[in-house]
Amino acid sequence: MRYFVTGTAGFIGFHLARLLLSRGASVVGYDGLTPYYDVSLKERRHAILSENPRFRPVIGLLEDAGRLRQAAGDAAPDVVIHLAAQAGVRYSLENPRAYIDSNLIGSFNLLEVVRELDVRHLIVASTSSVYGANAKIPFTETDGTDEPMTLYAASKKAVEAMAHAYSHLHDVPTTVVRFFTVYGPWGRPDMALFKFVSAALKGEAIDVYGEGRMERDFTYVDDLVEAMVRLADVVPVKGQPVVFDRGRDSLSPIAPFRIVNIGGGAPVGLLPFIDTIGRHLGVQLVRRMLPMQPGDVPRTFASPDLLAALTGYVPQTRVDTGVRAFIDWFREYQSGSEPVARSANASLRRPAARSLRKPKAPVSRPVGAVADIDAA
Ligand SMILES: NC(=O)c1ccc[n+]([C@@H]2O[C@H](COP(=O)([O-])OP(=O)(O)OC[C@H]3O[C@@H](n4cnc5c(N)ncnc54)[C@H](O)[C@@H]3O)[C@@H](O)[C@H]2O)c1
């Protein structure tokens, strides 16, 4: 199978491509190495993937429609997985335009390219943030998503809607996957786990928003990509919903399109999460209790029933195990001892694409500042 995956230098794209390669697939990875966070981390991920001859990186922005079309056309993929995006809930308050550029314009370009290709399945990443102020728990895919609380959530909701329209108009079998606070080795430096561990090891205080009274349905990254690979084989067919006891398929009545949560349905409180980190580090984290921030939601809670009905799989890894794995990786990464192949490939040279865009944020943002405990 041939895959065209956007965002392979990112946290989730890296793990997904690694799993696909380990199962014998070929992957063309398209990524603009945007400077939202430390670009060298992205380069290291691509360098590791490039050890496998079945991986080919292409450095380019989604906004560069010509380059994207060329790369996807050359890849002649069976399956396209669209992960590249401007992620981050809180950063969307600081730099909203980045979300319009990457998520709206970029995803539009991707959809235009995909409609010209004859792909078996298009998978598009979305987020639990689209549930916004939804008070009903657990969140099911057929719940309303009409109250986004940030531009990030609004942009992802728009991408879901655009993907539905293309699926309907051009008969592209499409699955939108909503992720719930993904964490694990090679994770994002803007997210809470990375920031908390980094701060704790330096003896710095961590900022705890909402006085710690938030809950998240944390999903370990290995579980997430396993679910995605399984879903890639479950191609939506118009008029053929899956029937299951505990809920109802989100399959569109007019398109080969469905939305699937990928989460375990086991939310964990922020304070127990912080305690777990402290226990594994052997330190007491110094907390600075702060009120809720604009755009924060008190709780995310996935219903995993549709995912289970489609794939027979539900994320299982306990936060205790996943946090331990992250800390082990983080220590190696910080010491520079984690194995990184420096293969001579295009992704390691300074990409032309970087000069296409002005930096959207300082490459290193201060530890102890806002940690993204939200969805993405
Ligand atoms: N990590 C989470 O908890 C989480 C939760 C919900 C949803 N998501 C979604 O999952 C996807 C992957 O997230 P991630 O955590 O791996 O983030 P990430 O920032 O690590 O990865 C995104 C990758 O996309 C690339 N990219 C961004 N804008 C681009 C553009 N305009 N053109 C080309 N490349 C571009 C970046 O360089 C980066 O390598 C995103 O769509 C995100 O919104 C993530």
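Conventions we followed
Residues numbered from 1 in each chain as written. Predicted model: local features only at pLDDT ≥ 70, side-chain atom pairs only at ≥ 80, totals over all residues. Helix = DSSP H or I, 4+ residues; strand = E, 2+ residues; numbered from the N terminus. Buried ≥ 20, exposed ≤ 12 C-beta atoms within 10 Å, placed from the backbone. Pairing = 2+ DSSP bridges. Axes fitted to C-alpha atoms, helices over the stretch in contact; angles between N-to-C directions. Contact = placed C-beta atoms within 7 Å. Core = buried A, V, L, I, M, F, W, Y, C linked by C-beta atoms within 7 Å. Right-handed = clockwise from strand over helix to strand, strands pointing away. Parallel < 35°, antiparallel > 145°, perpendicular 65-115°, else oblique. Left-handed = near helix turned anticlockwise from the far one by under 90°. Nonpolar A, V, L, I, M, F, W, Y, C, P; charged D, E, K, R; others polar. Expected span 1.5 Å × (residues − 1). Arc of directions from axis to C-beta.

Student: Any chance you could explain the overall build of the protein chain here in plain terms?
Tutor: The helix and strand tally for the protein chain stands at 11 helices and 13 strands. Counting only residues that meet the buried cut, the protein chain has 52% of its 376 residues in that class.

Student: I tried to follow the sheet that holds strand β5 (residues 121–127) on my own but got confused; where do I start?
Tutor: Hydrogen bonds along the backbone pair up the strands of a sheet, which may run parallel or antiparallel. Taken together, 7 strands build an open sheet; the order of strands is β3-β2-β1-β4-β5-β6-β11 and the sheet is parallel. Because the sheet does not close on itself, it has two edges, and the strands there are β3 (55–59) and β11 (257–262). For this sheet the average axis-to-axis angle between neighbouring strands, irrespective of direction, equals 20°. Those strands touched by helix α6 (residues 151–170) are β5, β6 (174–179) and β11, and its axis lies near 160° from that of β5.

Student: Looking at this model, I keep getting lost on the environment of Leu-201. Mind explaining?
Tutor: With respect to the helices, strands and loops of the structure, Leu-201 is situated in helix α7 (residues 192–201). Since 15 C-beta atoms lie within 10 Å of it, Leu-201 is described here as partly exposed. Sequence-wise, Leu-201 and Val-283 are 82 residues apart; in three dimensions their C-alpha atoms are separated by 8.5 Å.

Student: Would you take a moment to explain the nonpolar core for this structure?
Tutor: Looking at soluble globular proteins, one finds that nonpolar side chains tend to be buried together. Counting residues in each nonpolar core, the largest one holds 100 residues, and the members touching the most others are Val-177, Leu-193, Phe-196, Leu-224 and Met-228. Per-element tally for this core: the top contributor is helix α8 (residues 221–232), with 8 residues. With near-sequence residues (within four places) excluded, Leu-224 lies in contact with Ile-12, Phe-179, Val-182, Thr-219, Ile-262 and Pro-315.

Student: How do you make sense of the pairing of β6 when you look at a structure like this?
Tutor: Each regular strand displays side chains that alternate between the two surfaces of the sheet. The element β6 is largely enclosed, with a buried count of 6 among its 6 residues. A two-sided burial pattern is seen for β6, the buried positions comprising Thr-174, Val-176 and Arg-178 on one face and Thr-175, Val-177 and Phe-179 on the other. The pairing of β5 with β6 spans 6 bridges and is classified as parallel. Bridging from a neighbouring strand, Ile-123 pairs with Thr-175 of β6. Each parallel crossover has a hand, and for β5 linked through α6 to β6 it is right-handed.

Student: Would you take a moment to explain the pairing of strand β1 (residues 2–6) for this structure?
Tutor: Within β1, 4 of the 5 residues are buried, leaving the element largely enclosed by the surrounding structure. Note: β1 against strand β2 (residues 26–31), 5 bridges, orientation parallel. Residue pairing for β2: Tyr-3 is matched across the bridge by Val-27. When β1 meets strand β4 (residues 79–82), the two strands line up parallel, connected through 4 bridges. Note on β4: the bridge partner recorded for Tyr-3 is Val-79.

Student: Before we go on, may I ask you to explain the packing of helix α3 (residues 65–75) against helix α5 (residues 96–116) in this structure?
Tutor: Describing two packed helices takes the angle between their axes plus the distance from one axis to the other. Contact pair α3 / α5: the axes reach a minimum separation of 10 Å and the direction vectors enclose 40°. As far as their axial angle goes, α5 and α3 are oblique. Crossing geometry of α3 relative to α5 is assigned as right-handed. On α5, the residues that touch Ala-65, Leu-68, Arg-69 and Ala-72 of α3 are Asn-109, Leu-110 and Val-113. Across the contact of α3 with α5, the residue classes break down as 5 nonpolar, 1 polar and 1 charged.

Student: For this particular structure, what's the right way to read helix α11 (residues 319–335)?
Tutor: In an α-helix, one turn spans 3.6 residues, which is why side chains three or four residues apart end up on the same side. Taking 1.5 Å per residue, 17 residues should reach 24 Å; α11 reaches 24 Å between its end C-alpha atoms and fits that length. Along α11, the residues classified as buried are Val-319, Gly-322, Val-323, Phe-326 and Phe-330. Each buried residue of α11 sits inside an arc of 95° when the element is viewed along its axis, so together they form one side. Within α11, the exposed residues directed more than 90 degrees away from the buried face are Asp-320, Thr-321 and Ser-335. Buried residues in α11 make contact with β7 (182–183), α7, β10 (219–220), β12 (268–269) and α9 (270–281). Positioned one or two residues after α11, Gly-336 has a phi angle of 75°, which is positive.

Student: What is the right way to look at the packing of α9 against α11 in this model?
Tutor: For the pair α9 and α11, the least separation of the axes is 10 Å and the interaxial angle reads 50°. Here α9 lies oblique to α11, going by the angle between them. With respect to the hand of their crossing, α9 and α11 are arranged in right-handed fashion. Only Val-319, Asp-320, Val-323, Arg-324 and Ile-327 of α11 make contact with α9, whose side of the interface consists of Phe-273, Thr-276, Ile-277, His-280 and Leu-281.

Student: For this particular structure, what's the right way to read the environment of Arg-90?
Tutor: Within the secondary structure, Arg-90 sits in the loop between β4 and α4 (91–94). Here the alpha-carbon distance between Arg-90 and Gln-293, two residues 203 residues apart in the chain, equals 8.6 Å.

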